[in-house]
2 protein chains.
Amino acid sequence: MSLGTGYDQQGCYLARALEVVGERWTLLIVRDCFYGVRRFTDLREHLDISRAVLTARLDTLMTAGVLRREVSDGHPEYVLTEAGRALWPVVYLLTKWGEQYTSGPHPARVYSHADCDTDVDDVGHCASCGYTPDPADLIVRPGSGPNAMRRDDRVARALAEPHRILTPLEISS
Amino acid sequence: MSLGTGYDQQGCYLARALEVVGERWTLLIVRDCFYGVRRFTDLREHLDISRAVLTARLDTLMTAGVLRREVSDGHPEYVLTEAGRALWPVVYLLTKWGEQYTSGPHPARVYSHADCDTDVDDVGHCASCGYTPDPADLIVRPGSGPNAMRRDDRVARALAEPHRILTPLEISS
DNA sequence: AGCGTTGGTCTGATGAACAGACTGGGTGTG
DNA sequence: CACACCCAGTCTGTTCATCAGACCAACGCT
């Protein structure tokens, strides 16, 4: 996509957005970045995605301005830009939609507002504070349902602990 | 997808949601359904999608419970179910994201609350009523920017008039 | 110098999407 | 009735994307 084979409706911004985040794997990569995954190998291992495709996706996300590549102590890290962080509501709502409308009522992960320790609702609103917190002010933790923690890789194990969104995840080597 | 080649992370509801609405064309089809497009040929013509792929997508959307097929006066019509209508916030937010973060600041379409005639904001909220209206209570109209109305098919012409979302679109033959 | 880890690229096989031809049922029209 | 036309698909051969897995270069460690 994005090379002329895209949705050819230049007037429509939904089509434009989908050229960036509508390809296979892309939104899952973005979600992992929100969870604090930043390294090539960690993304690859957690998503079970081929190296070539991951490289391609990171490239389109970078040229679209969703991710930025930062080299810290020799290793590249992929971090969300402003445009990338603006995708949080989309990721959150789609996850909630999947929870409600694809079989199984047990949330795989629960999100709470760090400032007041209240779980946010289906649209990301914090009832006790009366507003919708930034993703950076949310804590993810695994839910209690049987669907929690199906995978068992280094990233999934790190996410077994409550973790603040948008902060780097500590991944055991 | 959905035939075993899907994202193989059963614990994650985002992945589940993407198996339904994450394929190429799917969300554009859903958006057109919100706009009141209901017939095979109209979808095909407006989206410039191949017949085979449109058939496949309608099938997965129906088995996922997003669309329902209703035969009225001999012709099948595809209408959004409850689960399908629940996708409105996702469609709306992604469109707004595309507007903000892919070049070009001119909204292709503008959405207003039918009850009070106020344009809704970037998260779909109506400032004068103080809540977020249902999609069925919104009116779409083309924006004034240069990006409005690039296409010129029967559906695009019908959408040149202000139109209430989720009501069938009158398409000239 | 040799080995492991990280972050990739390259290659051949498989699967999905595309354009365009074809089909089959219903609907007017002469 | 015969005929054309429209609508909603299916079928086919080609092109393009994805996949698994091999390969490779840079760096660090011992």
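Residues numbered from 1 in each chain as written. Chains lettered and ligands numbered in written order. Predicted model: local features only at pLDDT ≥ 70, side-chain atom pairs only at ≥ 80, totals over all residues. Heavy atoms only, no water.

Labelled according to an unreviewed UniProt entry, chain A appears under the name HxlR family transcriptional regulator, originating from Tamaricihabitans halophyticus.

Asks: Is there a simple way to think about the pairing of strand β2 (residues 75-80) of chain A in this case?
Replies: Successive residues of a regular strand alternate their side chains across the two faces of the sheet. Residue and element names in this part refer to chain A. Relative to β2, strand β1 (residues 67-72) runs antiparallel, the two sharing six bridges. Its bridge partner being in β2, R68 is matched across the sheet by V79. Once β1 ends, the chain turns through two residues before running back antiparallel as β2, passing D73 with a positive phi of about 35°. (Pairing = 2+ DSSP bridges. Helix = DSSP H or I, 4+ residues; strand = E, 2+ residues; numbered from the N terminus.)

Asks: What is the right way to read the sheet that holds strand β3 (residues 109-113) of chain A from this model?
Replies: Hydrogen bonds between backbone atoms are what pair the strands of a sheet, whose relative direction is either parallel or antiparallel. All names here are of chain A. Strand order in the open sheet formed by four strands is β4-β3-β5-β6, with antiparallel pairing between adjacent strands. Either end of the sheet is taken by a strand with one partner, and the two such strands are β4 (118-119) and β6 (163-164). In this structure, strand β5 (residues 138-142) lies alongside β6, joined through two bridges in antiparallel fashion. Following the sheet pairing, I139 is matched in β6 by R164.

Asks: Can you walk me through the sheet that holds strand β6 (residues 163-164) of chain B in this structure?
Replies: Residue and element names in this part refer to chain B. Strand order in the open sheet made by the four strands is β4-β3-β5-β6, with antiparallel pairing throughout. Each edge of the open sheet is held by one strand with a lone partner, namely β4 (118-119) and β6. Bridge count for strand β3 (residues 109-113) against strand β5 (residues 138-142) is five bridges, and the pairing is antiparallel. When the bridges of β5 are listed, Y111 appears paired with V140.

Asks: Looking at this structure, I do not really get the domain arrangement of chain A. What am I missing?
Replies: By convention, interface size is frequently given as the accessible area that disappears when the constituent parts associate. All names here are of chain A. If you check the domain split of chain A, you get domain 1 (13-84) and domain 2 (88-164). One C-alpha centre belongs to domain 1, the other to domain 2; they are set 20 Å apart. Together, the buried faces of domain 1 and domain 2 total about 1,200 Å²; carbon and sulfur atoms form 62% of this surface. Looking at the side of domain 1 facing domain 2, the largest losses of area belong to F34, Y35 and H46, adding up to 55% of the total buried there. Taken together, domain 1 and domain 2 are joined by two salt bridges. E45 serves as the salt-bridge partner of R154, at 2.2 Å between the closest nitrogen and oxygen. Put simply, domain 1 and domain 2 have four residue pairs in polar contact (both at pLDDT 80 or more) between them. (Domains from an automatic or database assignment. Buried area = accessible area lost by both parts, 1.4 Å probe. Salt bridge = Lys/Arg side-chain N within 4 Å of Asp/Glu carboxyl O. Polar contact = N/O pair within 3.5 Å; in protein donor to acceptor, adjacent residues only side chain to side chain.)

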